[in-house]
Structures are given as structure tokens and as C-alpha cells.
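A look at the structure
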Amino acid sequence: MTGSSDYPAEWETDVVLADGSTAALRPIRPDDRDLIDAFHRRQSQESIYFRFFRYRPELSDKELDYFTTVDYAQRMAFVAMLGTELVAVARYETWESPDHPGQKVAEVAFFVDDQHHGKGLATIMLEYLAAAGRHEGFDRFTATVLPENVGMLRVFRKAGFEVATKFADGVIEVDLGIEVTDEAAATIAGRDRRAQARSVARIVAPTSVAVVGAGRTPGSVGHELIASIRRGGFAGPVWAVNPAAEGATELGGVELDAPVVASLRDLDLGPDRSLDLVVVAVPAPAVEGVLDDAIAVGASSMVIISVGFSEAGPDGAERERRLVERARANGLRLLGPNSFGLVNTDPDVALEALFVRASVRSGSVGLASQSGPLGAGLLNELSRAELGVSSMVALGNRADVSVNDLLAFWAEDERTRAVALYLENFGNLRNFSAVARHLSRHKAVIAVRPADDELAEFLGHAGVILVDRVADLIQQSAVAVGQPVPAGNRVAIVGNTASVARLSAAACRRAGLEVVTPAGVEETTVSDVVLVADADILALPREAEFAAYEEILVAAAVDPGVDAVLAAFVPTPTLAADRLGELLTRVDRAVDKPMVATGLVDPSLLHASDLPVFVFPEEAALALGRAAGLGRWRADQADLRVAPLEGERAVAVQAAVHAVLDRAGGEACLVDPEAAAVLDAIGLDAVPYRIVDDAASAAAAADELGYPVVLKAGRLDRRSAGEGGGAAIDLRTPAEVSAAFERMADDLGAEVLVPAIVQAQAPVGHHLRVELVQDPERGGWIDVGIGGFAGVGLEPQASLVLPTSASEIDALLDEPWVAAAVEHPAARAKVAAILADLARTVGTCPELAGLRADPVLVRDDTVSLVDASVTARPWHRDLLAGVRHLD
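In this report, the structure presented in the accompanying data block is examined. Small disclaimer: the values here were computed from a predicted structure and weren't measured. (Residues numbered from 1 in each chain as written. Predicted model: local features only at pLDDT ≥ 70, side-chain atom pairs only at ≥ 80, totals over all residues. Heavy atoms only, no water.)

Notes on the nonpolar core
- By size, the foremost hydrophobic cluster in this structure holds 62 residues, and its most contacted members are Phe110, Phe141 and Phe156.
- Among the elements that take part in this core, helix α4 (residues 121-135) stands out by supplying 10 residues, more than any other.
- Excluding anything up to four places from it in sequence, Phe156 contacts Val108, Phe110, Leu126, Ala143, Val145, Val163, Val174 and Leu176.
- Of all hydrophobic cores here, the second largest spans 57 residues; its members include Val279, Val303, Val349 and Leu439. (Core = buried A, V, L, I, M, F, W, Y, C linked by side-chain atoms within 4.5 Å. Buried < 20%, exposed > 50% of the residue type's maximum accessible area, 1.4 Å probe, protein only. Helix = DSSP H or I, 4+ residues; strand = E, 2+ residues; numbered from the N terminus. Contact = heavy atoms within 4.5 Å.)

Pasting the structure below:
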């Protein structure tokens with residue numbers, strides 16, 4: 001809406017503030033006049049002085065009109081709303097800065113309600129002003145601040161943007177760059193994660209709870225919830241709300257600390273008490289009334305167990321939408337609806353709010369499940385495996401709190417060492433990928449593999465460990481919380497039974513691990529260790545001394561050529577299960593490398609604390625292999641990402657693609673030669689060609705290019721060899737070119753042939769297909785497969801999810817079928833450059849929806865891009881994409 005006075009509704013959104021509360025943020029409107037007036041009147045004398053440099057208790061009618069009427073371009077203002085109350089306003093106005101001639105500059109100002117300082121309102125509104133300013137072509141902001149206004153100076157200094165200050169005429173002049181540098185983006189993302197974590201903590205770690213719909217009848221949802229919370233020993237006050245049981249001091253045998261009240265409004269909170277969490281188990285139509293009561297008493301969050309919302313049809317979906325809109329506008333976060341509840345085993349919280357019985361054990365796994373029953377089952381299995389959870393959340397409909405919010409919470413939660421997810425879908429993959437990638441750098445994120453292979457590829461790119469079965473969540477979690485991540489894929493196998501050790505070695509190799517023999521074993525005092533040469537495993541006799549087992553295990557673990565140890569021990573009369581468990585535990589605690597054990601025995605018999613023990617070698621190897629995969633992923637993250645195009649090349653790509661859209665008036669798919677301008681802008685060099693309209697110009701072009709040449713129909717998207725397929729090859733004289741042109745014009749039609757392409761014939765070699773795709777939901781990726789006629793109908797064989805890195809490109813080129821094509825170092829470098837150039841366009845020009853190069857011919861040190869097509873598509877520019885907001 002550049003330059004328009006129309007109200008830009010696309011800026012309206014909800015935001016999470018620094019304290020975890022929420023607010024509605026939107027552009028100012030002329031009808032905000034009374035709200036601005038009331039806002040100004042209730043501020044302190046000091047705050048008004050800081051804003052206007054003098055005390056003015058009232059604003060004039062003229063000033064109110066001026067402040068609330070903007071053009072949303074040269075003058076812009078945002079307001080933050082909490083319920084019906086305006087709590088902050090921020091604005092910019094363009095002005096001519098003598099310090100920045102030739103640049104578009106605006107002056108900014110903020111005013112935050114005295115009662116809402118410390119929530120980060122000024123900071124987030126500065127981010128929005130900067131985003132709006134960039135959208136309107138501004139280069140920088142300036143501000144004038146009184147020296148004593150240290151709070152506003154702190155906002156500018158910590159915003160993440162490039163800032164400079166100078167003192168002049170008794171005030172501090174602030175100069176602020178508004179481009180989102182890498183440093184600014186990291187700072188903003190960090191603030192967002194911390195705010196999201198605090199927001200979820202209001203639900204997961206409350207200090208007080210009220211259950212609305214707490215019932216008398218055992219087995220009812222409301223009764224089981226209050227019983228679960230009481231049984232779990234919640235650390236704070238618990239209130240029961242039920243108008244049919246008002247005044248009761250027990251509910252179906254559950255003793256209460258306070259009598260039941262009829263409504264949340266009847267709670268005796270007082271000045272020193274607050275209500276953090278409301279758990280709701282009432283019929284769906286009554287939930288909106290409960291939300292109104294929660295807002296009235298200042299509750300922070302709500303878990304909606306009730307059903308009958310989006311899962312029940314359009315009416316329920318509309319009811320759900322209203323709930324979320326009203327809750328966010330009044331500072332609350334919602335979990336659910338249709339949630340089974342949540343658990344937090346922190347002793348300072350001790351919250352078990354479930355309406356189904358489950359075995360809850362304290363541990364360090366953060367568990368999220370879209371399915372409530374499955375979540376309860378996973379709690380039981382984690383407990384049986386002596387793992388336990390730090391917290392567990394049954395997401396339900398995910399109307400407000402999402403898995404992304406939970407990941408942000410677990411990233412900040414010191415008690416959580418790994419995250420296990422069971423999700424039927426992952427929402428917006430762009431957002432999930434960013435949050436999961438951050439968390440995976442520090443803590444393992446484990447999820448059940450989705451059926452969609454493409455989706456699985458995206459999750460893996462974000463560092464998520466994918467398992468094939470729900471049961472594998474438990475086993476992989478055991479490795480994640482009990483062991484460090486392997487630095488590499490070299491595993492040493494030590495056992496007391498050669499057959500089990502051989503099984504382990506074979507399983508490790510299938511899992512992508514390299515089985516190695518530790519050199520350090522030769523320096524031990526153990527004389528009866530046996531190297532099983534055909535398997536590279538170490539086996540001790542069953543009757544070996546107890547100390548020998550320990551010495552060999554330690555020697556293997558500390559060897560610098562070993563990244564992990566798999567202990568394949570079977571209990572024997574001389575090595576009982578309990579002593580074996582003690583041995584493994586002691587070695588595990590003594591070394592800092594990952595170790596897992598297998599031995600065809602019930603893991604519970606070994607009592608090996610923190611050491612993952614598997615019955616079968618295949619399970620142990622798979623879990624260790626997945627952990628090593630996370631180690632490789634983390635190492636790749638240290639590699640610099642392929643940066644987007646900048647400067648003149650970025651402008652050139654944008655201009656070329658936008659020209660395509662302008663000519664087509666919408667989505668367009670272009671083939672040679674129309675795609676040439678886009679290829680040239682990106683920096684991709686196609687095999688030399690000429691565009692021709694008749695037989696004579698075709699022959700002349702062939703003479704200019706040199707023989708042999710190929711004559712191609714310019715209007716065919718897919719060509720095959722031969723004149724009938726639109727590609728006459730190996731033409732070696734002007735006469736052959738002219739004759740081929742005439743025949744193809746007759747057979748295909750001039751409208752298909754012209755404009756025709758005469759192209760130098762590339763050397764025969766390996767055919768690759770390289771294709772860039774950009775999708776608004778999933779982001780961008782590059783597919784690589786067999787090209788040319790042989791690749792017709794074949795799926796791509798390798799993919800790069802974007803953004804990517806040089807190491808990931810190298811890994812793709814190491815795929816055996818690609819490596820065979822790019823065996824020559826020069827060819828490998830040229831194909832890598834093509835992939836990198838395509839990767840750089842993502843983020844530079846989202847309107848470039850696709851680019852297909854097929855074939856890319858590779859022969860020795862020569863790489864030839866022969867055919868290419870470009871798809872351009874209008875892209876809805878989401879104004880909120882660069883700022884913090886709730887989806």
C-alpha cells in the first residue's frame with residue numbers, strides 16, 4: 001500500500017511480549033482519537049516530559065487529529081492494545097536529515113503506558129516501525145532523546161540495529177540503521193525465543209491453578225483433572241470451580257484446600273495472590289464465558305480440555321477462532337482445545353493435569369504429542385525405561401500454543417536435555433524449521449518419521465532425528481539424554497561373545513557407522529583379548545577377569561580414533577547381570593564418549609544408570625547411528641551458509657523475473673530463449689545459442705557458432721531427440737540446418753518451432769537435471785536427478801533444502817551416481833557453482849518459483865547447461881514475515 005491512505009490491515013497481528021504476555025498490535029486509525037486521549041491523560045508527569053520535552057497534561061483537538069491521522073507511508077504509527085485499552089504508541093515521520101543527504105530518513109518516537117513498562121513494548125514496536133520503513137523505502141531512523149530517559153536509550157542500543165549517538169544542545173541524537181543485518185536478525189530471533197519461552201512457562205510452570213468444571217463423579221473429565229493435580233502434589237494453590245458444588249470441601253473423595261466456588265470471579269485472590277493457569281473442562285459453548293471470567297480476574301493462561309471446536313466442524317472452528325482472538329488480545333495464551341492436559345515434574349511445580357491415568361516419572365525429556373492417548377502411553381513407556389519427562393504437553397487442536405512455542409520453551413529450560421515429538425503435521429515448515437534448527441544445535445529433537453518423504457527431508461535438514469516407530473522415540477531419547485553426541489561415526493565394538501559382537505558390527509555398518517579397532521588396546525595389560533579380524537571387533541573370553549572387561553572398555557573409549565563404543569556383553573556365570581551393570585555404569589561415567597550396550601538380556605536386569613541398554617544389536621546400532629547423524633548435522637552448521645545474492649546481481653535477478661511477470665500479467669513458465677535473461681542475471685552460462693525466425697537465419701547462426709549444432713523448437717517445454725521431438729541434433733552444414741528447419745516447420749508447425757534456437761552442440765556425456773523450487777509454505781529446495789531423455793519420468797535422486805552450505809553441496813556431489821558424473825575436479829567445481837548460484841537466488845527473489853536446467857551435460861572437465869525453463873509466480877509479500885508475531 002505504498003503511498004496509499006487506505007488502512008493497511010495486513011499489519012494487524014498479535015505479539016508475545018518480553019514477559020510472556022500477549023498484546024494486539026495494529027496501525028493507528030482516526031477512530032483511536034479517544035483512546036489516545038485517555039492514554040495520554042493517565043501517564044505520569046515524567047513520562048509525558050520524556051515524550052514531549054515538557055509537561056502537557058492534555059492534548060489539543062488539533063494534536064489528537066494529527067496524531068491519529070497518518071498516510072501509512074511517509075507518516076506511520078502503530079498502537080498496542082490490551083483488551084480495549086491502548087497501552088503503547090510508536091510512530092515515524094519523514095524528514096530531511098542534514099547528516100544523510102540523498103537518503104530517505106524518518107524520525108521516530110515511542111510512548112509506553114506507565115503500567116506496562118518492562119514488557120518490551122517499545123522494542124517490538126521499533127521492529128515494526130523499521131519493517132514498515134523498509135517497506136516504504138526508508139534508509140534509516142533518527143530520534144531525539146533526553147539524557148535522563150535511560151529506558152528509551154536502552155531500547156535503541158539493544159534493538160540489534162546499527163546505532164550511533166551524539167550529544168548536542170542538551171539532548172542525545174540517535175541515528176539508527178534499519179536494515180536487518182545478520183547481527184540484528186540474530187538479536188531479534190533471540191528476543192522472540194525468550195518471549196515465547198516465557199509465554200509457554202505461564203502454562204507449563206504455573207504457580208497457581210484453577211479447574212473449571214471440577215466434578216464430583218469419579219471417571220468424569222473434570223473430576224479426574226482435579227484428582228490428578230492433587231495426586232501429583234502441585235506446589236501452589238489449587239481452586240475448584242463448579243456452580244453445582246459451591247461450598248464443597250471435597251469432590252468425590254478428593255480433599256480440597258479451599259471450598260469450591262461457582263465462578264472464577266468468586267475466587268478470593270487478594271492483592272498478594274494471582275491466578276496463573278485455568279484448566280477448563282466444561283461444554284464447548286460455555287468456554288467463552290469462562291474465558292471472560294479468566295480475563296476479569298487477570299489469569300495468565302488457559303488449558304482447554306473441552307471438545308467441540310475445530311475438530312467438530314465449521315461452527316466449532318469459528319468458536320475456536322473467537323477464543324484465540326479474545327485471549328491473545330487480553331494477554332492470555334491457550335493450550336488446546338481438545339487437549340488431554342500437561343505435566344511438569346519440576347519439584348517447584350509438580351503439575352500433573354491429566355484426565356487419564358499415566359505413570360509420571362521425573363526426567364529430562366520434553367515430550368509433545370498431538371494425540372493425548374499416545375502422550376499418556378509414552379509417559380508410561382518413558383517411566384518404564386527409567387527416563388521420565390521434564391514436561392509433557394498434549395497439544396490438542398493447537399489453536400494458539402504450537403509446537404514451535406514448546407520448542408522455544410524447551411530450548412530455554414535447563415531441565416530438558418532432549419525433545420521427543422509425535423505430531424500428525426508440523427504446521428508452517430518455514431517457521432518450524434527455523435525454531436527446530438536452533439534447538440537442534442544444543443539439544444536433540446526426535447520425531448516419528450512422517451509418511452511424506454519430502455517432509456522428512458525438510459525435518460532432517462532442520463536437525464530433527466527421525467525414527468521409524470513410536471517405540472523408537474523411547475530408545476532414541478535414552479541415547480539423547482544419557483550420552484554425548486558422537487563427534488564422528490567411528491565405533492569400537494567390545495564384547496565377550498564373538499557372535500553377538502559380529503551381529504553388532506554388521507548392524508553398525510548398516511546404520512552408517514564405521515567399525516574400527518582401537519589402537520589403545522595393545523597397550524593394556526590384558527593378554528587374552530581376541531581381535532576378530534573379519535569384523536574388526538574385540539572379544540574377550542567368557543571366563544575373563546572382571547578387571548579385564550573394564551580395562552578394555554576404557555582403552556577403547558579413550559582412543560582418539562574412536563567416536564563411540566558399543567558394548568556387546570552377555571551375562572555369564574562369571575559376569576552376572578548386576579555386576580555387568582555396575583561395570584558398564586562405572587566405565588560410562590569415567591569417559592566422555594557415547595556408549596551403548598546390547599546383550600540379548602532384559603535391560604532392567606542390568607541397572608546401568610544413564611547408559612542406554614538394548615536387547616538386540618540392531619536397536620543399539622540404529623540409535624547410535626542416528627546420534628552420529630546429529631553430530632554430522634551440527635558440524636555442518638558450523639559451515640557458512642550460501643548467502644543470498646546482493647547488490648547489482650540481486651537487482652538484476654529481480655528485474656528479470658519481474659519483467660517476466662509483467663509481460664505475462666501473472667504466472668508464467670518460460671523456456672529458451674525467453675528464460676535467458678533470468679539465467680544471465682543469476683550468472684548461469686548456457687551453451688551459446690542464437691534465436692532465429694527462418695531457415696536462412698538458422699544457417700547463418702550455425703556458421704557463426706561453428707559446427708556441429710542443434711536446432712530446437714523454441715515453443716516446446718519438453719523436447720526429445722529428433723526433429724519430431726523438437727531437437728534436430730548433429731547438424732554439420734548450412735544445408736543440413738536449412739533443410740531441418742523446413743521439415744520441422746512443416747511437421748511441428750511454425751507456431752511451435754519459431755522462435756527457433758540454433759545452439760552449439762555440447763559434448764556427449766553424463767546428463768544431470770537440476771531444479772530449483774520455491775514454495776510459500778515449505779521454503780526452497782534444489783532437486784538433482786538424472787537428466788535428458790533417460791531421466792524422463794524419474795524422481796529426483798538427491799535434494800538440497802535451502803538455505804544450504806558448501807559442505808552440504810559437497811555431500812550431494814559425493815553421492816555415488818553424481819560423483820561418477822563429476823569425477824573431474826573442474827567439473828565438480830562447476831556443478832557446485834551452479835548449485836550455489838541457484839541457492840543464492842532464494843531469499844533474493846521469491847517470485848522465481850522454479851528453474852529447471854535439463855540436461856546439464858558433464859564430460860571430463862566440461863559442464864554444459866543446455867536447456868532451461870523458468871517459472872515465475874506472483875508472491876504475496878507478507879509484511880509480517882520479518883517481524884515477531886503470532887501465527
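Looking at the pairing of strand β35 (residues 756-760)
- Within β35, 5 of the 5 residues are buried, which leaves the element mostly enclosed by the surrounding structure.
- Here β35 shows no split at all, with Ala756, Val758 and Ala760 on one side and Ile757 and Gln759 on the other all buried.
- Bridge count for strand β31 (residues 689-692) against β35 is 4 bridges, and the pairing is antiparallel. For Val692, the partnering residue across the bridge sits in β35 and is Ala756.
- Pairing between strand β32 (residues 709-712) and β35: 4 bridges, direction antiparallel. Across the sheet, residue Val710 finds its bridge partner in β35, namely Gln759. (Pairing = 2+ DSSP bridges.)

Side note on the sheet that holds β31
- Here 5 strands make up an open sheet; going across it, the order is β31-β35-β32-β34-β33 and the pairing mixed. A strand with exactly one partner marks an edge of an open sheet, and here the two such strands are β31 and β33 (720-721).
- Where β33 meets strand β34 (residues 726-731), 2 bridges bridge the pair, whose relative direction is parallel. The residue of β34 that forms the bridge with Ala721 is Ala727.

Considering the packing of helix α6 (residues 182-204) against helix α11 (residues 403-412)
- Running from N to C, α6 and α11 cross one another at 95°; their axes reach a closest spacing of 8 Å. Relative to α11, α6 is oriented roughly perpendicular. The segment α6 lies against α11, with Arg193, Arg194, Gln196, Ala197, Val200, Ala201 and Val204 engaging Asp405, Leu406, Ala408, Phe409 and Glu412.
- When grouped by side-chain class, the residues that make up the contact of α6 with α11 number 7 nonpolar, 1 polar and 4 charged. (Axes fitted to C-alpha atoms, helices over the stretch in contact; angles between N-to-C directions. Parallel < 35°, antiparallel > 145°, perpendicular 65-115°, else oblique. Nonpolar A, V, L, I, M, F, W, Y, C, P; charged D, E, K, R; others polar.)

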